Structures are given as structure tokens and as C-alpha cells.
Amino acid sequence: MKSLSKRTSPILKFLLLFNFLIGGLQAQELVTSDRFLIKIIDRAISFQDLSYQLRNLRALECIYPDALVVAYFEKDFLKLLEKFVTEFPKKDEEVAAYLHQNTEILKKLRFFFKMLRYSEDQTKKMSNSLEGLIKEGSRANNCQKAILHKDSLKTNFKSLIEMELYLRSRYGGQLRDQNRKFDFIRSSIDLFVESLDKQFPHEYYW
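Residues numbered from 1 in each chain as written. Predicted model: local features only at pLDDT ≥ 70, side-chain atom pairs only at ≥ 80, totals over all residues. Heavy atoms only, no water.

## Structural notes on the overall build of the protein
Part 1 of the reasoning: Check the secondary structure of the protein and you find nine helices and eight strands.
Part 2 of the reasoning: The proportion of buried residues among the 206 residues of the protein is 41%.
Part 3 of the reasoning: Of all intrachain contacts in the protein linking residues separated by at least 6 positions in sequence, the fraction that spans at least 24 positions is 70%.
Part 4 of the reasoning: As displayed, the protein offers around 11,900 Å² of accessible surface, 52% of which is attributable to carbon and sulfur atoms. (Helix = DSSP H or I, 4+ residues; strand = E, 2+ residues; numbered from the N terminus. Buried < 20%, exposed > 50% of the residue type's maximum accessible area, 1.4 Å probe, protein only. Contact = heavy atoms within 4.5 Å. Areas by Shrake-Rupley, 256 points an atom, 1.4 Å probe, with all protein chains shown as cover.)

## Describing the packing of helix 6 (residues 103-120) against helix 8 (residues 155-176)
Geometrically, a packed helix pair is captured by the angle between its two axes and the distance between the axes.
Part 1 of the reasoning: Here helix 6 crosses helix 8 at 85 degrees, and the two axes come no closer than 9 Å. In terms of orientation, helix 6 lies roughly perpendicular with respect to helix 8. For the pair helix 6 and helix 8, contact is made by Phe 112, Met 115, Leu 116, Tyr 118, Ser 119 and Glu 120 and by Ser 159, Leu 160, Glu 162, Met 163, Tyr 166 and Leu 167, respectively.
Part 2 of the reasoning: Residues that form the contact of helix 6 with helix 8 fall into these classes: eight nonpolar, two polar and two charged. (Axes fitted to C-alpha atoms, helices over the stretch in contact; angles between N-to-C directions. Parallel < 35°, antiparallel > 145°, perpendicular 65-115°, else oblique. Nonpolar A, V, L, I, M, F, W, Y, C, P; charged D, E, K, R; others polar.)

## Examining the packing of helix 6 against helix 9 (residues 183-199)
Part 1 of the reasoning: For the pair helix 6 and helix 9, interaxial distance at closest approach is 10 Å and the crossing angle is 85 degrees. Regarding the angle of helix 6 to helix 9, the classification is roughly perpendicular. Of the residues in helix 9, those in contact with Arg 110, Phe 111, Lys 114, Met 115 and Tyr 118 of helix 6 are Ile 189, Phe 192, Val 193, Leu 196 and Asp 197.
Part 2 of the reasoning: Class assignment for the residues of the contact of helix 6 with helix 9 results in seven nonpolar, no polar and three charged.

## Here we look at the nonpolar core
Part 1 of the reasoning: One finds Val 69, Phe 73, Phe 84, Leu 109, Phe 112, Met 115 and Phe 157 to be the most contacted residues of the largest nonpolar core, which totals 57 residues.
Part 2 of the reasoning: At nine residues, helix 6 tops the list of elements feeding residues into this core.
Part 3 of the reasoning: Excluding its chain neighbours within four sequence positions, the residues that come into contact with Met 115 are Tyr 72, Phe 73, Met 163, Leu 167, Ile 189, Phe 192, Val 193 and Leu 196. (Core = buried A, V, L, I, M, F, W, Y, C linked by side-chain atoms within 4.5 Å.)

## As for the packing of aromatic side chains
Part 1 of the reasoning: Counting across every chain of the model gives 15 aromatic pairs.
Part 2 of the reasoning: Centroid distance Phe 73 to Phe 112: 5.7 Å. Interplanar angle 70 degrees. Geometry classified as edge-to-face. Of this pair, Phe 73 sits in helix 3 (residues 68-73) while Phe 112 sits in helix 6; the two residues are 39 residues apart in sequence, bridging distant segments of the chain.
Part 3 of the reasoning: With a relative accessible area of 4%, Phe 73 lands in the buried category.
Part 4 of the reasoning: Aromatic pair Phe 112 and Phe 113: ring centres 5.2 Å apart, planes at 90 degrees, arrangement edge-to-face.
Part 5 of the reasoning: An aromatic cluster of at least three residues, connected via ring pairs, comprises Tyr 72, Phe 73, Phe 77, Phe 112 and Phe 113.
Part 6 of the reasoning: Geometry around Phe 184 places Arg 180 over its ring, the cationic atom sitting 4.1 Å from the centre. (Phe/Tyr/Trp six-rings, centres within 6.5 Å; stacked < 30°, edge-to-face > 60°. Lys NZ or Arg CZ within 6 Å of the ring centre and 35° of its normal.)

Here it is as C-alpha cells:
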């Protein structure tokens, strides 16, 4: 398993992502800044990505109380992630120390985004009918409206749903047999995640 102590070059340490809003013919000034936290294969995961996935996980739990993704990472993960996001330092020079103080949540986030990346690479995609059911369920249960974009689901929430669908297609049958509890498949998912962690390289932006 990759070491948490792996470092990136000083050039990347304080790398910022910039989001611009364009209005009319004139580009607006910088409106938000973001920070890379971890790189999975060739994709950098930012603080904003964590915020989006916290929102998405809450919505998933609201729509599907028996979601396998939430069951695997456990509900405490949502509380830890909320605390991690809420207390994230505003000053860049304080970020490195904060990350080193939160290595356990970083490890879980590493596992989460590697699973997300793997499921995105699979061929199964969400059908229009399922997307419609999820939208109805979101509205009926008064779940996170932020996962909706006009008449469709936001792309990053779709990715989370596809991750849930992948886990259900791979392990759901074992749970249906004799109405087994989630712990029956936990060790199998652990092996799967360990395999992904070895297969997909990563590095932290301390």
C-alpha cells in the first residue's frame, strides 16, 4: 500500500486552480480559488471535489438509506469529512500541517476516489429511466437539491451513483442470498480496495 508520506515537488505544493466567470464579452476577475490535495493516476483531486462529494454522499444516503458506498465507508466517514472540510485552513501555509494531522481521513478519501475512478472506467452507465427515478426520489425525500442541474443530475453525482451501481452489481447478489448483512461482504470489498490502491498510483500535495 502506498505510503502517506509521499511528497510532490515544491512547485506543485502551492498550486492553485482558478475558476473564472465570463459575462458578455468581458472575462471577470478571479472569483474563487481551490487547492489540489491528492493525485489519483493522472487526475488531481481538489478541496472543491471533497465538498461536492460530501454533498453527494449526503444525497445518496437520503435517497438510498441502504447505499453500499455509505455502508462501506460508514456513517462516521460523513461526519469526519464534514469536519475536515469545515475546519480546512484558509491560509495556505497552514494546509500542510493540517493534512499531516488528518492522515486517516486522507487515506479513506484516497480509497474513495480510487473506487470512483475505477467505476467511471467501467462500461455500465446510468439509464435515463434510472436517472428519472433518482430525481423523483430526491424530490420526494427532500434530499439535496444541489445534485440537480435543470432536468438532469449533476455529473459528479452521476459518477457516485455509477460507483454505487458497480458495487451493487458486484456484491449485491451475495447480500440478497438469505438476507445477509453488509458485514458479510465487507472483507471482499476490502480486498478489492487494497487491489485498487496498489494498482492506481497516487501522491499527496502536502
